[in-house]
Amino acid sequence: MRTILMIALLILSTNCLATVYRWVDENGKVHYSDEPKANAEVIDINEEAQNSIAIKTPPKATISPKEDTQISYKISIVSPQEEATIRDNNGEFTVNVSVSPQLPRGVKMILLVDGVAALEPQTSPIFKLTGIYRGEHNLVVNVVTQNGKVLASSSPRKIFLHQASVFSPANKARQ
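Residues numbered from 1 in each chain as written. Predicted model: local features only at pLDDT ≥ 70, side-chain atom pairs only at ≥ 80, totals over all residues. Heavy atoms only, no water.

Undergrad: Help me understand the nonpolar core in this model?
TA: Inside soluble globular proteins, nonpolar side chains tend to come together where they are buried. If you look at the biggest cluster of nonpolar residues, it comprises 21 residues, and the most contacted ones within it are Phe 93, Val 95, Met 109, Leu 111, Leu 139, Val 141 and Val 143. Among the secondary structure elements, those contributing two or more residues to this core are strand 4 (74-79), strand 6 (93-100), strand 7 (108-113), strand 9 (126-129), strand 10 (135-144) and strand 12 (157-162). The contact partners of Val 143, leaving out residues within four places of it in the chain, are Tyr 73, Ile 75, Val 99, Leu 103, Val 107, Lys 108, Met 109, Lys 149, Val 150, Leu 151 and Ala 152. (Core = buried A, V, L, I, M, F, W, Y, C linked by side-chain atoms within 4.5 Å. Buried < 20%, exposed > 50% of the residue type's maximum accessible area, 1.4 Å probe, protein only. Helix = DSSP H or I, 4+ residues; strand = E, 2+ residues; numbered from the N terminus. Contact = heavy atoms within 4.5 Å.)

Rendered as structure tokens:
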């Protein structure tokens, strides 16, 4: 059965290798056919006769519109105040930020505590910090793009975090 099927396929495939004829009619129109006509010439079809399409890319602009009209952002830390003392035993406090103009999509703010990112970049102007240790800390907020480019920075804000100690004289007097 397989042998008969293979022979039938071979016979059918020979029809695919038919000769192609080309001729021009009385109106000057070119025709192609697999049947010979008067004044028809045989066309040798090979792989080089295949059509190919080349897509040209438009030239790149030399000046990007975003670079030409860069926005100047103004960012400042509203609270806590400069050299404020925050009293929290858990090291939790909130940093409020003001930014103008409004940030476009894809641009975020990041809060740096002592030069280290305290939270993931965000669009909200309210940063809720937890687990900050006692002592002096410097806060800076940067406006950053998705690829990390800093567009603007706030001026540094120095704060002090105070955590009560069980070893302080005031706590011993209460016991």
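Undergrad: So what exactly am I meant to see when it comes to the sheet that holds strand 2 (residues 30-33) here?
TA: Sheet strands associate in pairs through backbone hydrogen bonding, adopting either a parallel or an antiparallel arrangement. Here we have three strands laid out as an open sheet, ordered 2-1-3, and antiparallel in their pairing. With one partner strand each, in any of the chains shown, strand 2 and strand 3 (41-43) form the two edges of the open sheet. Sheet twist, expressed as the mean angle between neighbouring strand axes with direction ignored, is 35°. Bridge analysis of strand 1 (residues 20-24) against strand 3 gives three bridges, and the strand direction is antiparallel. Across the sheet, Tyr 21 pairs through a bridge with Val 42, a residue of strand 3. (Pairing = 2+ DSSP bridges. Axes fitted to C-alpha atoms, helices over the stretch in contact; angles between N-to-C directions.)

Undergrad: For this particular structure, what's the right way to read the side chain of Ser 154?
TA: Tracing the chain through its elements places Ser 154 in the loop between strand 11 (150-153) and strand 12. Judged by relative accessible area, Ser 154 falls into the buried class, the value being 6%. Other than its neighbours up to four places away in sequence, Ser 154 contacts Ile 75, Ser 76, Ile 77, Val 140 and Val 141.

Undergrad: Sorry if this is basic, but what is going on with the environment of Asp 34 here?
TA: Residue placement: Asp 34 occurs in the loop between strand 2 and strand 3. The class for Asp 34 is exposed, based on a relative accessible area of 53%. Put simply, Asp 34 and Arg 22 are twelve residues apart on the chain and 8.9 Å apart in space, counted from C-alpha to C-alpha. Excluding residues that lie within four positions of it along the chain, Asp 34 makes contacts with Thr 19 and Tyr 21.

Undergrad: Mind showing me how you'd approach the side chain of Arg 157 here?
TA: Structurally, Arg 157 can be placed in strand 12. Only 2.8 Å separates the side chain of Arg 157 from the backbone oxygen of Ile 77, close enough to count as a polar contact. (Polar contact = N/O pair within 3.5 Å; in protein donor to acceptor, adjacent residues only side chain to side chain.)

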